[in-house]
Amino acid sequence: MRARLLALVLLLLLAGCSSGGTRDDGRITLRFQSLAWQEESVEANKELVREWNATHPDVRVEYVQGTWDSVHDQLLTAFEGGEAPDIIHDASDDLADFAYGGYLADLTDLLPARLKSEIPRRSWETTTFGDGIYGVPFLQEPRVLIANAKWLKRSGVRIPTPEKPWSWAEFRRITEQLSGRGKYGIAWPLKEPVSATLNLSLSTGGQLFHRGADGKVTVRFEAADQVVPRTIHAQAGTDRSASPTTLGSGGSDTLPGFFGGRYAMVPLGFSYRQQIVQQAPKGFDWQVLPAPAGAGGLTQGVSPQTLSVAEDSPHKKEAAAFIDFLLRPENMVRLALGDWMLPTGDRALNDPALRTPEHGWSTGTALAAHLRPAPAQTVRGYPEWKDKVATPALQEYYSGAIGIRELRERLEEDGNLVLARYQR
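Residue indices follow the written sequence of each chain, beginning from 1 at its first position. Local features in a predicted model are, by the rule used here, given only for residues with pLDDT of at least 70; side-chain atom pairs are given and counted only at 80 or more, and totals for whole chains, interfaces and linings are based on all residues. Side-chain descriptors were evaluated using all non-hydrogen atoms of the structure, hydrogens and water having been removed beforehand.

Draft legend 1. Structural detail: the overall build of the chain. Tallying secondary structure elements over the chain gives 18 helices and 17 strands in all. All radius of gyration figures rest on C-alpha atoms, and the globule criterion is 2.2 Å times the number of residues raised to 0.38. In terms of overall dimensions, the chain is globule-like: its C-alpha atoms have a radius of gyration of 23 Å, near the 22 Å expected for 424 residues. Contact criterion: two residues are considered in contact whenever any of their non-hydrogen atoms come within 4.5 Å of each other. Long-range contacts, defined here as pairs at least 24 residues apart, represent 74% of the contacts in the chain between residues at least 6 apart. Charge assignment in this entry is limited to Lys and Arg as positive and Asp and Glu as negative, and neither His nor the chain termini are counted. Charge positions are represented by NZ for Lys, CZ for Arg, CG for Asp and CD for Glu. Once the 46 positive and 51 negative side-chain charges of the chain are each reduced to a mean point, those two points are 6 Å apart. The numbering of helices and of strands both runs from the N terminus, where a helix is a DSSP run of H or I of at least 4 residues and a strand a run of E of at least 2.

Draft legend 2. Here's a closer look at the packing of helix α2 (residues 39–55) against helix α14 (residues 329–339). Only the stretch in contact is used when a helix axis is fitted, and all axes are lines through C-alpha atoms; the angle between N-to-C directions ranges over 0 to 180 degrees. One way to put it is that α2 packs onto α14 with a least axis distance of 7 Å and a crossing angle of 155°. Between α2 and α14, the angle falls in the class roughly antiparallel. For the pair α2 and α14, the sense of crossing is right-handed. In this structure, α2 contributes Glu 40, Ser 41, Ala 44, Asn 45, Glu 47, Leu 48 and Glu 51 to the contact, and α14 contributes Asn 331, Arg 334, Leu 335, Leu 337, Gly 338 and Asp 339. The classification used treats Ala, Val, Leu, Ile, Met, Phe, Trp, Tyr, Cys and Pro as nonpolar, Asp, Glu, Lys and Arg as charged, and all other residues, Gly among them, as polar. A per-class count over the contact of α2 with α14 returns 4 nonpolar, 4 polar and 5 charged. Any angle between 65 and 115 degrees counts as roughly perpendicular, while under 35 counts as roughly parallel, over 145 as roughly antiparallel, and the rest as oblique. Note on convention: near helix rotated counterclockwise from far helix by under a right angle means a left-handed crossing. Clockwise means right-handed.

Draft legend 3. Expanded view of the pairing of strand β4 (residues 87–91). Exposure classes here rest on a 1.4 Å probe applied to the protein chains alone. A residue is buried below 20% of its type maximum, exposed above 50%, and partly exposed in between. Extensive coverage of β4 is indicated by the burial of 5 of its 5 residues. Neither face of β4 is open: one carries Ile 87, His 89 and Ala 91, the other Ile 88 and Asp 90, and all of them are buried. Bridge count for β4 against strand β15 (residues 305–309) is 5 bridges, and the pairing is antiparallel. Bridge pairing links Asp 90 to Thr 306 in β15. A pair of strands counts as paired when DSSP detects no fewer than two bridges linking them.

Draft legend 4. Inspection of unusual backbone geometry at higher detail. Phi is positive for Arg 240, close to 55°, though the residue is something other than glycine. Considering the arrangement of structural elements, one finds Arg 240 in the loop between α10 (223–237) and α11 (255–259). A positive phi angle, close to 60°, is found at His 359, a residue other than glycine. Residue position: His 359 is located in the loop between α15 (346–349) and α16 (361–367).

Draft legend 5. Just the packing of aromatic side chains, in detail. Any Phe, Tyr or Trp ring, taking Trp's six-membered ring, that has another such ring centre within 6.5 Å forms a pair; planes under 30 degrees apart are called stacked, those over 60 apart edge-to-face, and the others tilted. In total, this model carries 22 aromatic pairs according to the counting rule given. With a centroid separation of 5.9 Å and 45° between ring planes, the pair formed by Phe 258 and Phe 259 is classed as tilted. By the burial criterion, Phe 258 is buried, and Phe 259 matches it. Pairing Phe 258 with Phe 284 gives two aromatic rings, centres 5.2 Å apart and planes at 75°, and the pair type is edge-to-face. Within this pair, whereas Phe 258 is found in helix α11, its partner Phe 284 is found in the loop between α12 (273–279) and β13 (286–290), the two being separated by 26 residues in sequence. Looking at Phe 284, the relative accessible area reads 16%, which means it is buried. One aromatic cluster is present, formed by Phe 32, Trp 52, Tyr 63, Phe 322 and Phe 325 through successive ring pairs. Either the NZ atom of lysine or the CZ atom of arginine qualifies as a charge over a ring when it sits within 6 Å of the ring centre and within 35 degrees of the ring normal. Positioned above the aromatic ring of Trp 151, the side-chain terminus of Lys 183 is 5.6 Å from the ring centre.

Draft legend 6. Main features of the pattern of salt bridges. Criterion for a salt bridge: a side-chain nitrogen of Lys or Arg within 4 Å of a carboxyl oxygen of Asp or Glu. Throughout the structure, instances matching the rule amount to 15 salt bridges. One salt bridge connects Arg 334 with Glu 51, and the closest N-O pair in it is separated by 2.9 Å. In this pair, Arg 334 is assigned in helix α14 and Glu 51 in helix α2, connecting sequence segments 283 residues apart. Owing to a relative accessible area of 26%, Arg 334 belongs among the partly exposed residues under this scheme. Under the relative-accessibility criterion, Glu 51 is labelled partly exposed at 31%. Several salt bridges converge on common partners, so that one network encompasses Arg 114, Glu 118, Asp 324 and Arg 347.

Printed below as a string of structure tokens:
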């Protein structure tokens, strides 16, 4: 019995040590949970942690490797168990419930003026809930079209640019023109259809979530919200210009077919360029094109990656100082290059390394000014609405199992029932 009790005490002591704090010698230890996963990105984060530790002997940062898989549930468990890391890497569309739930620290008075001024207001809107700032948005990526350059050149279609993009109607006509004989103009990877649909719909004036005077949010699936899903539905079901087999796939799943000449284009997040550089066969010629534009121009929604501080952290000031170090302009550039994404900071975004035409960097930076907070940023209950209502409904619509009327009913009626539980 005494042996078991001793073992339990030792486990508790080890758990206490792993959660950071102040050591007997007065040195502070902060835990930084990073969700970086690409090799270059992981190394960039670890290298910056080493640089901080080398110059801040009294405040040591411990790197903790996290994962994007089920991050919301993992963090919720950590918060409720009192084991949350001091510095938390996440995405802005995952913060609302944590911010309103009191799990994240308000950074309004902890962040330096430099950092506040270098990141545009539109980016800060993604992490502002009520009167508080609960995360620092630092990396973002537009959705772009990755195209087979030789295929498009042979076809003679007009090549879009950020200055003269395709309209959604022109995009549909061109994908049909590029299709035939077992080949498709486009391959939509829509295993996770919600963010792609909502974020691209900002270009057509879509909004979907509407906040009333009482502060409560309701779902209205109106004409502007329907342009993008109707286009995808028509490409897959009517025009036969979109591959039906990729609708349930993830982005990486489409790359072998893209390299093999089955699809002329694939809509992907900007960071997928790294996989293309690593995996494309020798001599494969590809290029980055802007997504189509609508009534809202090239506007599209983004949910930037964020850095937050746990409310339970006893060293919030030191945690904020580490975030400030991590997001100095030159460091933000290193993180952006490591993740093949765009920095939110204006000074970092103007770095020549991110303005080169190689691998489409210049196209991405040209789109940065058009990025806006994703429609769901401040909607409480969004994760549940997405998982239980929107994802299955959109998957069924894109596969042809239901029509636009039933899609609207489910998004609105079922969706509003879910959101109402979070707004009482």
